[in-house]
Amino acid sequence: MKKKFFTEYTLLISAIIGVGFASGKEIEEFFSRFSIFSIIGIIILVIFFIFFSNILYDIKTKYKLNTFSNFNKLVFKNSKIIDFIQIFDCIITSSAMLAGLNSITNSYFKFSYIYELIIIVITFFIIINGKTGLSIMSNILVPVMFLSIIINSIYNIDIQSIKLISTQKNLINSILYSLFFSANNYMLMFALILKNDSNKKEFKKQILSVSLTLGILITLIVIALGFQASNYAMPLLEKSKNLPQILYLTYIVSLFIALFSTFVMSCYSANDLMPNKINKTLSAFIIIIISYFISMIGFSNSIKYLYTISGIISLVFCLYVIYFYYKDKRKTTIKNNHCNGYSTDIK
């Protein structure tokens, strides 16, 4: 049971902690640039993940759903349009991951395109091997990512910047961007949650652990960034230069790991959404190629513009799912009350 818990936990975490997260750029754009209000945003994220996960679990168990397409047919009826939007959403994320890869390899290594090609080939084989391949990858990569992010964040806590925290930022924008971040990243976990076969008690433990872990990691990064924005493409990577050489190199490796894990997860989710009549091996290849070409717009632009667009789309999707859940719950309650009344009349 403990092994299963760890496997599901690491799968969900690795879907979210990509290079945008681990480099600090995503956290800067959606949290730290709002100064002290970023703390409110982090609390909203934790609540959103716990609340929405329980809604999704109830829907999937009630109707025995295990794929995106079946879920969309139930909730949205015209599922092909929603499938397309979600595929686009996942491809945006995978494109940003490749853009981040290119940014790091160009700055720190030679033969960046050869490295990209190797990553693409490995990703392709993991995707076509399904959840087994993802589990093996996550169990190895997640502990390394955690350790690197925590060490780098704590080492670079900027006390002087914290003393200069501004309270003149916009609270409403902080809340909105937190919701965009939450919804966008939740979409990366969607396919994994639909395939999660844990009982409700175990699932709640998994989601609580994932939500609190994300909250703690984001808080550490926000503190390390001094509750403010910067002009760097990868602000936490820039701060990691203050680390001892071995820790600095370890952090760079962890960025590659974070990038790789989220790239794989987003491609996997997009592939899961593709119509069944399309060969999954062919669709995986197409998704990776499209992601590669979109990634050419660059890492910073991907996070700033594409992630925000993706976050808005994802939030609208999540809000409709919540609406469907309570509407369906109300129908079930009315139906049960009617049946109980009918039974009483018979007696």
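Preceding this section is the structure that the text describes.
Scoring rules and cut-offs
- Residues numbered from 1 in each chain as written.
- Predicted model: local features only at pLDDT ≥ 70, side-chain atom pairs only at ≥ 80, totals over all residues.
- Heavy atoms only, no water.
- Helix = DSSP H or I, 4+ residues; strand = E, 2+ residues; numbered from the N terminus.
- Contact = heavy atoms within 4.5 Å.
- Areas by Shrake-Rupley, 256 points an atom, 1.4 Å probe, with all protein chains shown as cover.
- Salt bridge = Lys/Arg side-chain N within 4 Å of Asp/Glu carboxyl O.
- Buried < 20%, exposed > 50% of the residue type's maximum accessible area, 1.4 Å probe, protein only.
- Expected span 1.5 Å × (residues − 1).
- Polar contact = N/O pair within 3.5 Å; in protein donor to acceptor, adjacent residues only side chain to side chain.

Draft legend 1. Main features of the overall build of the protein chain. Within the protein chain, the secondary structure is distributed over 15 helices and zero strands. For the protein chain, restricting intrachain contacts to residue pairs at least 6 apart in sequence, the fraction spanning at least 24 positions comes to 86%. Accessible surface, the protein chain as shown: approximately 16000 Å² in total, 67% of it carbon and sulfur.

Draft legend 2. Representation of the pattern of salt bridges within the structure. Scanning the entire structure with this criterion turns up six salt bridges. With its nearest N and O atoms 3.4 Å apart, the salt bridge here joins Glu29 to Arg33. On the basis of relative accessible area, Glu29 is assigned to the buried category, the value being 10%. Of the residues examined, Arg33 reaches a relative accessible area of 24% and is grouped as partly exposed. A salt bridge links Asp58 to Lys200; its shortest N-O distance comes to 2.8 Å. Of this pair, Asp58 sits in helix 4 (residues 38–62) while Lys200 is found in helix 11 (residues 200–224), placing the two residues 142 residues apart along the sequence.

Draft legend 3. Region of interest: helix 4. Between its first and last C-alpha atoms helix 4 spans 36 Å; for 25 residues at 1.5 Å apiece the expected length is 36 Å, and the two agree. Among the residues trailing helix 4, Lys64 stands out with phi positive, at a value near 55°.

Draft legend 4. Seen up close, the environment of Lys200. Its relative accessible area of 33% is what places Lys200 among the partly exposed residues. Between the C-alpha atom of Lys200 and that of Asp58, which follows or precedes it by 142 residues, the distance is 8.6 Å. When residues no more than four places from it in sequence are discounted, the contact partners of Lys200 are Asn54, Tyr57 and Asp58.

Draft legend 5. Representation of the side chain of Ser94 in the model. Mapped onto the elements, Ser94 comes out in helix 6 (residues 79–108). Residue classification places Ser94 among the buried residues on the basis of a relative accessible area of 0%. Engagement of the side chain of Ser94 in a polar contact is seen with the side chain of Ser291, the distance being 2.6 Å.

Draft legend 6. Structural context of helix 14 (residues 280–294). Under the 1.5 Å per step criterion, the end-to-end length of helix 14 is 21 Å for 15 residues, consistent within 8% with the ideal 21 Å. With a side-chain oxygen lying 2.9 Å from the backbone nitrogen of Thr281, the N-terminal cap of helix 14 falls on Asn279.

Draft legend 7. Summary view of the side chain of Thr308. Examined against the element boundaries, Thr308 turns out to sit in helix 15 (residues 299–346). Separated by 2.8 Å, the side chain of Thr308 and the backbone oxygen of Lys304 make a polar contact.

Draft legend 8. Examining the environment of Asn152 more closely. Following the sequence through the fold, Asn152 ends up in helix 8 (residues 131–155). When its relative accessible area of 0% is taken as the criterion, Asn152 is described as buried. The spatial distance from the C-alpha of Asn152 to the C-alpha of Leu247 is 8.0 Å, given a sequence separation of 95 residues. Within polar-contact distance, the side chain of Asn152 engages the backbone oxygen of Leu236 at 3.2 Å.

Draft legend 9. Structural detail: unusual backbone geometry. Here the phi dihedral of Ser35 falls at roughly 60°; this positive angle occurs in a residue that is not glycine. Tracing the backbone through its elements, the reader meets Ser35 in the loop between helix 3 (25–30) and helix 4. You will see that Phe227, though not glycine, has its phi angle at about 55°, which is positive. By secondary structure assignment, the location of Phe227 is in the loop between helix 11 and helix 12 (235–239). Overall, Phe227 belongs to the buried group, its relative accessible area being 8%.

As far as function goes, none of this settles anything; it's purely spatial.
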